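# Structural features, examined
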There are 2 protein chains.
Amino acid sequence: MDWQEKLNQEGLRVTHPRRVVISVLEQSGTPLSPQAIHRRSLEAKEEIGLVSVYRTLDLLTELGLVRRVHGQNECQCYVLASPGHYHHLVCQHCGSAVEFSGMEDLSSLLAPIELETGFTINEHLLQFSGVCPECQRRTGYHDQE
Amino acid sequence: MDWQEKLNQEGLRVTHPRRVVISVLEQSGTPLSPQAIHRRSLEAKEEIGLVSVYRTLDLLTELGLVRRVHGQNECQCYVLASPGHYHHLVCQHCGSAVEFSGMEDLSSLLAPIELETGFTINEHLLQFSGVCPECQRRTGYHDQE
DNA sequence: ATTCTTATTGAAAAATATTTTCAATAAGGA
DNA sequence: TCCTTATTGAAAATATTTTTCAATAAGAAT
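Residues numbered from 1 in each chain as written. Chains lettered and ligands numbered in written order. Predicted model: local features only at pLDDT ≥ 70, side-chain atom pairs only at ≥ 80, totals over all residues. Heavy atoms only, no water.

## Description of the overall build of chain A
Going by this rule: Helix and strand labels come from DSSP, where a helix needs a run of H or I of at least four residues and a strand needs a run of E of at least two; each type is numbered from the N terminus. Between buried and exposed lies partly exposed: a residue is buried under 20% and exposed over 50% of the maximum accessible area for its type, with that area taken using a 1.4 Å probe on protein chains only. Throughout, a residue-residue contact means that at least one pair of heavy atoms, one from each residue, lies within 4.5 Å. Computed with a 1.4 Å probe, the accessible areas rest on the Shrake-Rupley method; for each residue, only the protein chains presented here act as cover.
A tally of helices and strands in chain A yields six helices and five strands. Written out in order from the N terminus, the α and β elements of chain A read α-α-α-α-β-β-β-β-α-β-α. Per-residue burial for chain A yields a buried fraction of 46% across its 145 residues. Across chain A, contacts joining residues at least 24 apart in sequence account for 46% of those joining residues at least 6 apart. Within the structure as shown, chain A displays about 7900 Å² of accessible surface, and the carbon and sulfur contribution to it stands at 48%.

## Concerning the protein's contact with DNA strand D
Put simply, the test is: Each residue is tested against the molecule or strand, and it is near if at least one of its non-hydrogen atoms lies within 4 Å. As used in this structure description, the phrase polar contact means that two N or O atoms lie within 3.5 Å; if the pair is within protein, one of them must be able to donate a hydrogen and the other to accept it, and residues adjacent in sequence are counted only when both atoms belong to side chains. Only Asp, Glu, Lys and Arg are considered charged in this grouping, and only Ala, Val, Leu, Ile, Met, Phe, Trp, Tyr, Cys and Pro are considered nonpolar; every other residue, Gly among them, is considered polar.
In the vicinity of DNA strand D lie 18 residues, with T15, R18, S52 and R55 of chain A together with Y54 of chain B positioned nearest. Within 4 Å of the protein, the contacting atoms of DNA strand D are drawn from sugar and phosphate to the extent of 64%. Between DNA strand D and Q76 of chain B, the relevant distance is 3.0 Å, taken from a phosphate oxygen to a side-chain nitrogen or oxygen of the residue. Breaking the surface near DNA strand D down by element, the ones donating at least two residues are helix 2 (16-28) and helix 4 (50-62) of chain A together with helix 4 (50-62) of chain B. A breakdown of the residues in the surface near DNA strand D according to their chemical character gives seven nonpolar, five polar and six charged.

## Brief notes about the protein's contact with DNA strand C
The environment of DNA strand C is made up of 18 residues, and the closest members are V14 and Y54 of chain A together with T15, S52 and R55 of chain B. R13 of chain A is positioned with one of its side-chain polar atoms (N or O) 3.1 Å from a base nitrogen of DNA strand C. A distance of 2.8 Å separates a phosphate oxygen of DNA strand C from a polar side-chain atom of R18 of chain B. Of all the elements in the fold, those that place two or more residues in the surface near DNA strand C are helix 4 of chain A together with helix 2 (16-28) and helix 4 of chain B. Its residues placed into classes, the surface near DNA strand C shows seven nonpolar, five polar and six charged.

## Remarks on the pattern of salt bridges
All names here are of chain A. How we decide: Salt bridge, as used here: a side-chain nitrogen of Lys or Arg that lies within 4 Å of a carboxyl oxygen of Asp or Glu.
Per the stated rule, a full pass over the model turns up two salt bridges over all chains. Between E134 and R138 there is a salt bridge, and its shortest N-O distance comes to 3.9 Å. Here E134 pairs with R138, and both are found in helix 6 (residues 133-139), just four residues apart, close to one helical turn.

## Some remarks on helix 3 (residues 34-43) of chain B
Residues and elements named next belong to chain B. Residues of helix 3 that are buried: P34, A36, I37, H38 and S41. Contacts made by the buried residues of helix 3 are with helix 2, helix 4 and strand 2 (77-80). K45 lies just past helix 3 and shows a positive phi near 60°.

## Focus: the packing of helix 3 (residues 34-43) of chain A against helix 4 of chain A
Packed helices, taken two at a time, are described by the angle between their axes plus the distance between the axes. Residue and element names in this part refer to chain A. Note the cut-off: Between N-to-C directions, angles cover 0 to 180 degrees, with each direction set by a line fitted to C-alpha atoms, over the stretch in contact for helices. Roughly parallel covers angles under 35 degrees, roughly antiparallel covers those over 145, roughly perpendicular covers 65 to 115, and oblique covers all other angles. Working rule for handedness: look at the near helix, and if it is turned counterclockwise from the far one by less than a right angle, call the crossing left-handed; if clockwise, right-handed.
The contact between helix 3 and helix 4 brings their axes to 9 Å, and the two run at 125°. Taken together, the axes of helix 3 and helix 4 lie oblique to each other. Seen along the crossing, helix 3 lies across helix 4 with a hand that is right-handed. Facing helix 3, whose interface residues are P34, Q35, I37 and H38, helix 4 presents L50, V53, Y54 and L57.

## So, the sheet that holds strand 3 (residues 87-91) of chain A
What holds strands together in a sheet is hydrogen bonding between their backbones, with the strands either parallel or antiparallel. Note the following rule: Strands pair, by our definition, only if DSSP identifies at least two bridges between them.
Strand order in this open sheet of six strands is 4(A)-3(A)-5(A)-5(B)-3(B)-4(B), and the pairing throughout is mixed. On the outer flanks of this sheet lie strand 4 (97-99) of chain A together with strand 4 (97-100) of chain B, each paired with one strand and no other. Looking at each pair of strands side by side, their axes are set apart by 25° on average, direction ignored. With five bridges joining them, strand 3 of chain A and strand 5 (residues 120-131) of chain A adopt parallel strand pairing. Looking at the pairing, L89 of chain A lines up with F128 of chain A of strand 5 of chain A. Its contacts with the sheet place helix 5 (residues 106-117) of chain A against strand 3 and strand 5 of chain A together with strand 3 (87-91), strand 4 and strand 5 (120-131) of chain B, and it is angled at close to 125° to strand 5 of chain A.

## Notes on unusual backbone geometry
Residues and elements named next belong to chain A. Even without being a glycine, K45 presents a positive backbone phi close to 60°. Locating K45 in the fold gives a position in the loop between helix 3 and helix 4. By relative accessible area, K45 is classed as exposed at 69%.

## Some details on the nonpolar core
The condition that has to hold: Among the buried residues, those of types Ala, Val, Leu, Ile, Met, Phe, Trp, Tyr and Cys that are joined through side-chain atoms within 4.5 Å form a nonpolar core.
L89, I121 and F128 of chain A together with L89, I121 and F128 of chain B are the most contacted members of the largest nonpolar core, which totals 28 residues. Elements represented by at least two residues in this core include exactly strand 3, helix 5 and strand 5 of chain A together with strand 3, helix 5 (106-117) and strand 5 of chain B. When near neighbours in sequence (up to four residues on either side) are disregarded, I121 of chain A contacts L110, I113 and E114 of chain A together with L89, F128, S129 and G130 of chain B.

## Looking at the state of the cysteines
Cut-off, in case you're wondering: By disulfide we mean two sulfur atoms from cysteines, separated by a distance within 2.5 Å.
Under the counting rule described, the total for this entry stands at zero disulfides over all chains. Of all cysteine sulfurs, the one in C135 of chain B lies closest to C132 of chain B, which takes part in no disulfide; the gap is 3.7 Å.

## A short note on the packing of helix 2 of chain B against helix 4 of chain B
All names here are of chain B. At a minimum axis separation of 10 Å, helix 2 and helix 4 run at an interaxial angle of 75°. Judged by the inter-axis angle, helix 2 sits roughly perpendicular to helix 4. For the pair formed by helix 2 and helix 4, the contact residues are P17, R18, V21, I22 and L25 on the first element and S52, V53, T56, L57, L59 and L60 on the second.

Purely geometric stuff here, so don't read any function into it on its own.
Written out as structure tokens, the structure is:
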């Protein structure tokens, strides 16, 4: 089910600003701040209001169509969610982000922590940062900035 | 080595605002926003400027004495760092945070990911959220909010 | 103790980010 | 094509963070 169907299903409308936000996120692949998304929409001559960007991101996050990513500095960024993947790997140089698989066993690490702390764990946020292959090739850069 | 020695070592001064910020964080145990820290300092009749709170948090984070924690809503919170522990578990009810150990082997998960993606991984951000034992007892609440 | 140097502070202003309000618009069913 | 109402965008309100700079105080030197 794509995002338009999802919206319909919820009785929500497929509007111009929503189309633009999704399109910008699709083009990017990188986590973007609301401001960055707005800027790019203007650059693409698709003029939408900043307020709508905020509202759209809230909505799409609610629906699970985009995810919020917390970097060390930029703290309010959003990426399109590929369903089933919940972890990000972000390049410190160019900002590109990929999702990766193979962390299904993370949940097996949870049990000992729940035991140690007495917490019930419901959610987690995992994000790696490093240098992507492109940037390694281009710059010969490997270490942390 | 305590924080005062650490500052001296770096040629930095042990000042009133820095003492107050650390003290507030010690009292709390919970991650606090710069504003919250400032508010509490005033309540404790230890009047310091909000600007100094920001600057102190930046500094202490730099020195690894406090860590920044990203909640789902509150996004700019800080807790005192227990050395050697790097991961947080935050209660969705009361906001209390603990650091936990036993994730040393997280780095062993990195290799396959580096192989899959071609990235060089330098940093990671890992945070669990759930319900702390206190809140479980008080409310009988276990599931995600 | 006192003086000196300079890191640090706090107030104000500037810059930036986010939320609220509300009349005007347009999505999509009838 | 009309109608209902979810949604938009502009402006204002609010909140957050950073910058600037003269005044202060930490701590080394005397």
